[in-house]
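Coordinates in review
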Amino acid sequence: MSTADSSVTAAKAEADEVFESAAELFSLLSTPIRLKLLSALCDGERNVSDLLAQIDTTQPNLSQHLGTLYRAQILGRRREGTQIYYRIANQRAVTLCRAVCTQMALEMDGEAELPDEERLLPAHRRAG
């Protein structure tokens, strides 16, 4: 294998790793409740009771999603007595979510003057 061929192979492997990592992050963020959790935690640390008051779900379901985001290192946590407090640990994931959700909100608002090629939402999902 020539040096040029091995460089191309290495670049492809690196690109594959990037795409796999991005797909993994998108998969982690693919449920509305996880997006709601990130939104609720953007203003600061919250305990499970606070999060339950903000997000309409059961405590076991909330705990499952918090655990998933914690294991993925998107959230951090600390214990204080019997309470567990969660916080954002990966600001880049939140920045990505905010960008996508803001774009979606603009498109759903119906007032966004965007050409079709710049829209994220399919035509059947748009307000109007």
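Nothing here was measured: the structure is a model prediction, and the numbers come from that model. (Residues numbered from 1 in each chain as written. Predicted model: local features only at pLDDT ≥ 70, side-chain atom pairs only at ≥ 80, totals over all residues. Heavy atoms only, no water.)

In terms of regular secondary structure, the protein chain is built from 5 helices and 3 strands. Secondary structure elements in the protein chain, listed N-terminal to C-terminal, are α-α-β-α-α-β-β-α. Going through the 128 residues of the protein chain one by one, you find that 25% of them count as buried. For the protein chain, long-range pairs separated by at least 24 residues make up 42% of all intrachain contacts whose partners lie at least 6 apart in sequence. When the accessible surface of the protein chain is totalled, it reaches about 8,800 Å², and 51% of it is carbon and sulfur. (Helix = DSSP H or I, 4+ residues; strand = E, 2+ residues; numbered from the N terminus. Buried < 20%, exposed > 50% of the residue type's maximum accessible area, 1.4 Å probe, protein only. Contact = heavy atoms within 4.5 Å. Areas by Shrake-Rupley, 256 points an atom, 1.4 Å probe, with all protein chains shown as cover.)

To continue, consider the pairing of strand β2 (residues 75-80). Relative to strand β3 (residues 83-88), β2 runs antiparallel, the two sharing 6 bridges. Across the sheet, Gly76 pairs through a bridge with Arg87, a residue of β3. Two successive antiparallel strands, β2 and β3, enclose a turn made up of 2 residues, where Gly81 displays a positive phi of approximately 65°. (Pairing = 2+ DSSP bridges.)

What the rule picks out here adds up to 2 salt bridges. Note that Glu45 and Arg78 form a salt bridge whose closest N and O atoms lie 2.7 Å from each other. Remark: Arg78 occurs in strand β2 and Glu45 occurs in the loop between α2 (32-41) and β1 (46-47); sequence separation between them is 33 residues. For Glu45, a relative accessible area of 31% puts it in the partly exposed group. The closest approach of N and O atoms between Glu80 and Arg78, which form a salt bridge, is 2.8 Å. Residue Arg78 is classed as partly exposed on the basis of its relative accessible area, which comes to 32%. Connected through shared salt-bridge partners, Glu45, Arg78 and Glu80 make up one network. (Salt bridge = Lys/Arg side-chain N within 4 Å of Asp/Glu carboxyl O.)

You will see that Gln73, though not glycine, has its phi angle at about 65°, which is positive. Within the element layout of this structure, Gln73 appears in the loop between α4 (59-71) and β2. Since its relative accessible area comes to 60%, Gln73 is described here as exposed.

On inspection of all chains with the given rule, the structure shows 0 disulfides. In this model Cys97 remains outside any disulfide bridge; the closest cysteine sulfur is found in Cys101, 5.9 Å from its own. Cys97 sits in the buried class, given a relative accessible area of 9%. (Disulfide = S-S within 2.5 Å.)

Taken in spatial order, the 3 strands line up as β1-β3-β2 in an open sheet, and their pairing is antiparallel. Pairing within the sheet leaves two strands with one partner each, and these edge strands are β1 and β2. Together, β1, β2 and β3 form the strand contacts of α2, whose direction differs from that of β3 by roughly 90°. (Axes fitted to C-alpha atoms, helices over the stretch in contact; angles between N-to-C directions.)

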